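One letter stands for each residue in the lines below.
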Amino acid sequence: MKQQLLFCALIGILTACQHESDIQPSTTSLASEAVGTYHTNFYLDPSYVALSPNQMPYVELKQESDSNVTLLLTKPYPSSQTKAISHVRLQRKSDGVELKVANTSIGTLQTDRVFTNSGMEKQGQLLRLSAQDGSISEFVGVKQ
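This structure is a prediction, so every number in the text was calculated from the model and none was measured.

Focus: the sheet that holds strand β6 (residues 104-115)
If you trace the 8 strands once around the closed barrel, you get β1-β2-β3-β4-β5-β6-β7-β8, paired in antiparallel fashion. Taken pair by pair, the neighbouring strands of this sheet meet at an average axis angle of 35°, ignoring direction. Note that strand β2 (residues 58-63) and strand β3 (residues 68-75) share 6 bridges and pair antiparallel. When the bridges of β3 are listed, V59 appears paired with L73.

Following this line, the structure appears as structure tokens:
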């Protein structure tokens, strides 16, 4: 009986001492997490309630480097226009990512509750833009 107990203990110790793989740091950059297209809807911004989904503004973030992106704000209605802001620096904060141009904050990107076009609530990446200098207009959108 003692031999069986010792044998089981030995097997338990040997299996508990297996080599585990090291935790590797994430190889994705901050910019690669943020790149994508962000669309708004009238649940996110009620000022667009009279527009159809294809007339809503959207923002595209394109990667320049590990922490820089180019921001393209497109407004298809009433006339199609696109505003580009390059060298937008991304800086991680405790509650998400802050977007800065020349040390001025122009917006945030964070995981939050968002509303789809059909009004369903879900968890998603929410982009909020607002610049005090008037370089871009207010925008709230969810990553598609």
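Regarding the pattern of salt bridges
Applying the stated criterion across every chain, the model contains 5 salt bridges. For E33, the salt bridge is made with R92, and the minimal N-O distance between the two is 3.3 Å. Here R92 lies in strand β4 (residues 81-93) and E33 lies in helix α2 (residues 30-34), a separation of 59 residues in the sequence. Overall, E33 belongs to the partly exposed group, its relative accessible area being 33%.

Things to note about the pairing of β6
As defined by bridge partners, strand β5 (residues 96-101) adjoins β6 across 5 bridges and the pair is classed as antiparallel. Bridged to V97 within β6 is L109. Here β5 hands over to β6 after 2 residues, with A102 in that stretch at a positive phi of 50°. Of the strand pairs in this sheet, β6 and strand β7 (residues 121-129) are connected by 9 bridges, and their pairing is antiparallel. Bridging from a neighbouring strand, T108 pairs with R128 of β7. Turn length for the β6-β7 hairpin, with the two strands adjacent in sequence and antiparallel, is 5 residues, and the turn residue G119 shows positive phi of about 90°.

Rules behind the numbers
Residues numbered from 1 in each chain as written. Predicted model: local features only at pLDDT ≥ 70, side-chain atom pairs only at ≥ 80, totals over all residues. Heavy atoms only, no water. Pairing = 2+ DSSP bridges. Helix = DSSP H or I, 4+ residues; strand = E, 2+ residues; numbered from the N terminus. Axes fitted to C-alpha atoms, helices over the stretch in contact; angles between N-to-C directions. Salt bridge = Lys/Arg side-chain N within 4 Å of Asp/Glu carboxyl O. Buried < 20%, exposed > 50% of the residue type's maximum accessible area, 1.4 Å probe, protein only.

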